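A closer look at the structure
So you can see what is in the structure, the chains are spelled out below.
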Amino acid sequence: MRGSMLKEILREQKTNINELARRLNVPAQTLYSMVKRDNQKVDFDLMMRICSELNVPVERMCEDVTVPALPDSDEFSMLSRYRRLDEWGRELTKLVIDRELMRCESTAEAKPTAGKIIPLYTTPAAAGYASPALGDDYEDYEVSGDSKADFAVRIDGDSMEPYIKDGSVALCKRGAIIHDGDVGLFFVDGDMKCKQYCQDSEGNVYLFSANRERSDADVHISATSGITLLCFGKVLLDKSIPLPEA
C-alpha cells in the first residue's frame, strides 16, 4: 500500500488521520504508521475498510505497487479440493508440484538463446583448397545467440572427414588463438586451406588433413621457407581431433 496515496486522498476529502481512525474505530497510531512510507505491508481487511470508508477503489491505494493476481476459478477449485485431502494426500500433492516446478525450470533453462546472423561465404571452401573466407560472396546464416562464431564457410572436399563432412557448414571464430590440434582456415601463399594445425619446437608448421587417406593434401611449412602463413579463423568443433601419429 502507498502511504503517500492515502495522505493525498485524505487531503482531497478534507479530512485527517485522526478523523479516519475514529470512523474506522482503530488507533490513530496504526494509520500514522501506514502513511510514513510506500510499499508497506498492510492488513488486507483494514485496507479494504479504508477504501470502503473513503469510497476509493483499492487499485488507487495500490497504484504503482505490484499486487499478486487473485486465484482464478480453476485455482480456487484446486485449493478447495486440496483442503479436503488428508495429510498423506497433501504431502503427495506437494511432491508432485515440486517435481513439476523443477521440470519447468529446467525446460526454461534449456531454451536456446535468441539467434544471431553471421555471414556464410557461399563459394565452396575446399577442405584444403580455395576458400572465400574474406570477400563479399556471402549470405546471411543464423546461429544460436551464444555461439562464438562470427563467420561460416561451406566445405567442399573430403580431406577433413569424418569431422568436417563434404558440403557441411563450418562455423569459424576470427582472431582466435590457434593451438596444436586446432582446425583453422589458413592462407598459404595465395591458397586458403582448412587444416589441422601443429607446430614443432623448431618452428616448422604442419597443416594436416584429418582424413589420413588424403595425406597427400598435407602442407609442411619449414621455419626457413619464407612462405607466408596467415590464419583467418579457428573452426569451432564439438570435439577435438587427434593429431596424426608420427
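Within each chain, residues carry numbers counting from 1 in the order of the written sequence. Two thresholds apply to this predicted model, a pLDDT of at least 70 for residue-level local features and 80 or more for giving and counting side-chain atom pairs, whereas whole-chain, interface and lining totals are computed over all residues. To get the side-chain values, take all heavy atoms of the structure and skip hydrogens and water.

A word on the pattern of salt bridges
Worth spelling out the cut-off: Put simply, a salt bridge is a Lys or Arg side-chain nitrogen that is within 4 Å of an Asp or Glu carboxyl oxygen. Counting from the N terminus, the helices are the DSSP runs of H or I reaching at least four residues and the strands are the DSSP runs of E reaching at least two. To sort residues, take the accessible area from a 1.4 Å probe on protein chains only and compare it with the maximum for the residue type: under 20% means buried, over 50% means exposed, and anything in between is partly exposed.
Counted under the stated rule, the structure contains nine salt bridges. Measuring nitrogen to oxygen at the nearest pair gives 3.7 Å for the salt bridge that ties Lys94 to Glu91. Here Glu91 and Lys94 lie together in helix 7 (residues 87-110), a separation of three residues that amounts to about one turn. Since its relative accessible area comes to 40%, Lys94 is described here as partly exposed. By relative accessible area, which is 46% here, Glu91 ends up partly exposed. Between Asp218 and Arg212 there is a salt bridge, and its shortest N-O distance comes to 2.8 Å. For Arg212, a relative accessible area of 37% corresponds to the partly exposed category.

Remarks on the nonpolar core
Rule in force here: We call a set of buried residues a nonpolar core when its members are Ala, Val, Leu, Ile, Met, Phe, Trp, Tyr or Cys and they connect through side-chain atoms within 4.5 Å of each other.
Membership of the largest hydrophobic core comes to 19 residues, with the highest contact counts inside it found for Leu6, Leu20, Leu31, Ile50, Leu54 and Met61. Elements that contribute at least two residues to this core include exactly helix 1 (3-12), helix 2 (17-24), helix 3 (28-34) and helix 4 (44-54). Top contributing element to this core by residue count: helix 4, with five residues. Val153, Ile155, Cys172 and Val183 belong to the second largest nonpolar core, which has 16 residues in total.

Overview of unusual backbone geometry
Pro162 follows Glu161 through a cis peptide bond whose omega is 5°. Take Pro162: it is sitting in the loop between strand 3 (151-156) and strand 4 (169-173). Its identity is not glycine, yet Asn25 carries a phi of approximately 60°, on the positive side. Along the chain, Asn25 falls in the loop between helix 2 and helix 3. Not every positive phi belongs to a glycine, and Asn55 is a case in point at roughly 60°.

Some words on the packing of helix 2 against helix 4
Rules: Note on method: axes are straight lines fitted to C-alpha atoms, helices fitted across the in-contact stretch only, with angles between N-to-C directions ranging 0 to 180 degrees. Here the word oblique covers every angle except those under 35 degrees (roughly parallel), over 145 (roughly antiparallel) and from 65 to 115 (roughly perpendicular). Throughout, a residue-residue contact means that at least one pair of heavy atoms, one from each residue, lies within 4.5 Å. Gly counts as polar in this scheme, as do all residues outside two lists: the nonpolar Ala, Val, Leu, Ile, Met, Phe, Trp, Tyr, Cys and Pro, and the charged Asp, Glu, Lys and Arg.
Here helix 2 crosses helix 4 at 105°, and the two axes come no closer than 11 Å. Here helix 2 is positioned roughly perpendicular relative to helix 4, judged by the angle of their axes. Contacts from Leu20, Arg23 and Leu24 in helix 2 reach Arg49, Ile50, Glu53 and Leu54 in helix 4. Looking at the contact of helix 2 with helix 4 residue by residue, the class counts come to four nonpolar, no polar and three charged.

What about the confidence of the model for the protein?
Where we set the bar: The pLDDT score gives, residue by residue, the confidence of the prediction method on a 0 to 100 scale.
Here the protein averages 82 in pLDDT, while 84% of its residues score no lower than 70. Taken element by element, the protein is modelled with least confidence in strand 1 (residues 116-126), mean pLDDT 73, and with most confidence in strand 7 (residues 205-208), mean pLDDT 93. Across residues 126-134, confidence stays below pLDDT 50; counting only partners more than four residues off in sequence or on other chains, it has 38 contacts.

With respect to helix 2
Side chains of residues three or four places apart in an α-helix project in the same direction, reflecting 3.6 residues per turn. For clarity, the threshold we go by: What the arc covers is the set of directions going from the helix axis to the C-beta atoms. Here a polar contact is taken to be a pair of N or O atoms separated by no more than 3.5 Å, where protein atoms must pair a possible hydrogen donor with a possible acceptor and residues adjacent in sequence count only if both atoms sit in side chains.
Those residues of helix 2 that fall on the buried side of the exposure criterion are Ile17, Leu20, Ala21 and Leu24. Around the axis of helix 2, the buried residues are gathered within 100° of arc, so they sit on the same side. The backbone nitrogen of Asn18 has a side-chain oxygen 3.1 Å away, supplied by the residue at the start of helix 2, namely Asn16. After helix 2 finishes, the residue Asn25 shows a positive phi value of roughly 60°.

Observations regarding the side chain of Asp182
By secondary structure assignment, the location of Asp182 is in the loop between strand 4 and strand 5 (183-188). Looking at Asp182, its side chain comes within polar contact range of the main-chain nitrogen of His179, at 2.8 Å. In this structure, Asp182 is in contact with Ile177, Lys195, Gln196, Tyr197 and Lys234, ignoring residues within four places of it in sequence.

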